[in-house]
Structure formats: C-alpha cells, structure tokens
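# Descriptive analysis of the structure
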Amino acid sequence: GAGVSQSPSNKVTEKGKDVELRCDPISGHTALYWYRQRLGQGLEFLIYFQGNSAPDKSGLPSDRFSAERTGESVSTLTIQRTQQEDSAVYLCASSFPGYYGYTFGSGTRLTVV
Amino acid sequence: GEDVEQSLFLSVREGDSSVINCTYTDSSSTYLYWYKQEPGAGLQLLTYIFSNMDMKQDQRLTVLLNKKDKHLSLRIADTQTGDSAIYFCAESILGILTGGGNKLTFGTGTQLKVEL
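Residues numbered from 1 in each chain as written. Chains lettered and ligands numbered in written order. Predicted model: local features only at pLDDT ≥ 70, side-chain atom pairs only at ≥ 80, totals over all residues. Heavy atoms only, no water.

A word on the overall build of chain B. In terms of regular secondary structure, chain B is built from zero helices and 11 strands. In terms of overall dimensions, chain B is globule-like: its C-alpha atoms have a radius of gyration of 14 Å, near the 13 Å expected for 116 residues. Over its C-alpha atoms, taken along the principal directions, chain B stretches across nearly 45 × 30 × 25 Å. A total of 116 residues make up chain B; the buried ones form 45% of that total. Of the roughly 5600 Å² that chain B leaves accessible, carbon and sulfur atoms contribute 48%. Across chain B, 10 positive and 14 negative side-chain charges occur, with their mean positions spaced 2 Å apart. (Helix = DSSP H or I, 4+ residues; strand = E, 2+ residues; numbered from the N terminus. Rg over C-alpha atoms; globule rule 2.2 N^0.38 Å. Buried < 20%, exposed > 50% of the residue type's maximum accessible area, 1.4 Å probe, protein only. Areas by Shrake-Rupley, 256 points an atom, 1.4 Å probe, with all protein chains shown as cover. Lys, Arg positive; Asp, Glu negative; His and termini not counted. Charge placed at Lys NZ, Arg CZ, Asp CG, Glu CD.)

What follows deals with the interface of chain B and chain A. Each partner contributes to the interface: chain B provides 22 residues, whereas chain A provides 20 residues. In this assembly, chain B packs against chain A so that about 1700 Å² is buried in total across both faces, 57% of it on carbon and sulfur atoms. Applying the counting rule to chain B against chain A returns zero salt bridges. Where chain B touches chain A, the interface holds six residue pairs in polar contact (both at pLDDT 80 or more). (Contact = heavy atoms within 4.5 Å. Buried area = accessible area lost by both parts, 1.4 Å probe. Salt bridge = Lys/Arg side-chain N within 4 Å of Asp/Glu carboxyl O. Polar contact = N/O pair within 3.5 Å; in protein donor to acceptor, adjacent residues only side chain to side chain.)

Turning our attention to the sheet that holds strand S8 (residues 75-79) of chain A. Residue and element names in this part refer to chain A. Here four strands make up an open sheet; going across it, the order is S1-S3-S8-S7 and the pairing antiparallel. Here the strands that pair on one side only, and so sit at the sheet edges, are strand S1 (5-7) and strand S7 (65-69). Within this sheet the neighbouring strands show an average axis-to-axis angle of 15°, counted without direction. Bridge analysis of strand S3 (residues 19-24) against S8 gives five bridges, and the strand direction is antiparallel. Paired with Cys23 across the strands is Ser75, a residue of S8. (Pairing = 2+ DSSP bridges. Axes fitted to C-alpha atoms, helices over the stretch in contact; angles between N-to-C directions.)

Bringing the sheet that holds strand S3 (residues 18-24) of chain B into the picture now. Residues and elements named next belong to chain B. Ordered by their spatial adjacency, five strands build an open sheet running S1-S3-S8-S7-S6, and the pairing between neighbours is antiparallel. Strand pairing shows two members of the sheet lacking a second neighbour, strand S1 (4-6) and strand S6 (55-58), which therefore form its edges. Here the average twist between neighbouring strands, direction ignored, is 15°. Examined bridge by bridge, S1 and S3 share three bridges and lie antiparallel to one another. By the bridge assignment, Val4 is partnered in S3 with Tyr24.

All names here are of chain B. Considering all chains together, one arrives at two disulfides over all chains under this definition. Disulfide pairing places Cys22 opposite Cys89 at an S-S distance of 2.0 Å. With the S-S dihedral at roughly -65°, the linkage between Cys22 and Cys89 falls on the left-handed side. Remark: Cys89 occurs in strand S9 (residues 85-93) and Cys22 occurs in strand S3; sequence separation between them is 67 residues. Of the two residues, Cys22 and Cys89, neither departs from the other in class, the shared state being buried. (Disulfide = S-S within 2.5 Å.)

So, about the pairing of strand S11 (residues 108-112) of chain A. All names here are of chain A. Across the two faces of S11 the burial differs, with Thr108, Leu110 and Val112 buried and Arg109 and Thr111 not buried at all. Strand direction decides the pairing type here: strand S2 (residues 10-13) and S11, joined by four bridges, are parallel. Bridge pairing in S11 links Val12 to Thr111. Pairing of strand S9 (residues 88-95) with S11, which is carried by three bridges, proceeds in the antiparallel orientation. Opposite Ala88, over in S11, you have Leu110 as the bridge partner.

Below, the structure written as structure tokens:
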C-alpha cells in the first residue's frame, strides 16, 4: 500500500486479556520495526524483522510480548495477559533494508483498564 | 550508551522562527533525524542529516549539527499554525541491530505551540 497501515487504531481491553495489534507495511519494505510510545515519553524499540525472521527482539519488555511476520508482509504484535503498564501507543515502521529512515504507521492506542 | 534529550515545550508567535534543540550522547551516530507528530497521527520524517555534515537546509527547515558538542537543532522559518505538533529528535547507527537493522533512539519530543 501507499503507507504503513495499523489496526485497530484504538483498543481498550481489560487487564488480563490478550490483544493482537496488526501492521501492514509498505509493499517491498522487508525491514519492519515495532516501537512503543508511552505517554510523555519517547519511543522505545521493541523488535526488528528482516523478512519473516526477527533477528533482534531485544526491546520486548517481557515474555508476555511476542510478534510474528508472514509473507514478508503483515506483522502481528501480541500481548498476553495485559497489564495497565502496557497502555501506550504501539507504532509500526517499515523500510528498505539498510535504509536510513523509516516510514511509520499512525499507531494503535492501547488502553488497559 | 544512547540517550537523546530535548526540552518539552516551545511557544512561538506565527511568523517568527522556531528553534528546537536536542542533545545526544552516542558519538557513533550515523544519522540524526527530526520527526513531526501531529495529534492522532504517526511520526512523519521531516528531515535528516548525515553525521559528517554541519548543516542541511530544506525550504523552511534548517538543521544544524555540532558533532563536537553532540548538539542538533531544527530551525523552522516563518512558523505557521500548521507547524504546531510534537517534534522528535532521533539518532541511529546503521546496522546496529542484530541482523543489520537500524535502531532509532528518540528523544521525548518537544511540543511546539504556534500562537496567533
């Protein structure tokens, strides 16, 4: 597509439930990144995909967080047993490999109540 | 280590110039960026500068880099109300992630308010 698409744009969930966040990158962008933006803070790196593999997962905050990517396209970030501290905007970005900058999606605002 | 700092707020009058400042700590940074985030939107790449450059100009935007002091600034000339947004400074080292990805380290953002 023309840009990076994320869904849903907003998600409210109860504490303890699992959530899935979806990212559809720009066609041809083999590099895909997930970041988290907490209120009033900068972006925290979560995970990097090159193609369908995730060589760097160093930013995932706990084992409740996982992500996968299929067909060198859509990626899903899953948060199990959500906690209130998971409330944040989750941003996906994609790029050509080795390219200096990313294109970001508009994010999913997750609220855990 | 990586750390990027910015002031939180800046208020200017329409038509004036805005200068948003940023300091970073990693001298290995390859590229430095300015992103703009409008309410409810993702981050839009405004401009970037390679670390061996001192200045880059792009229409109303001027980026200055002082590598010795690890200081980056973004000047917006003739600031308009449409420039009201949060501006993020970011640094990256190409290929720093396992597998060769580019990790961007962001500041906390500067909220620019443009008053009439």
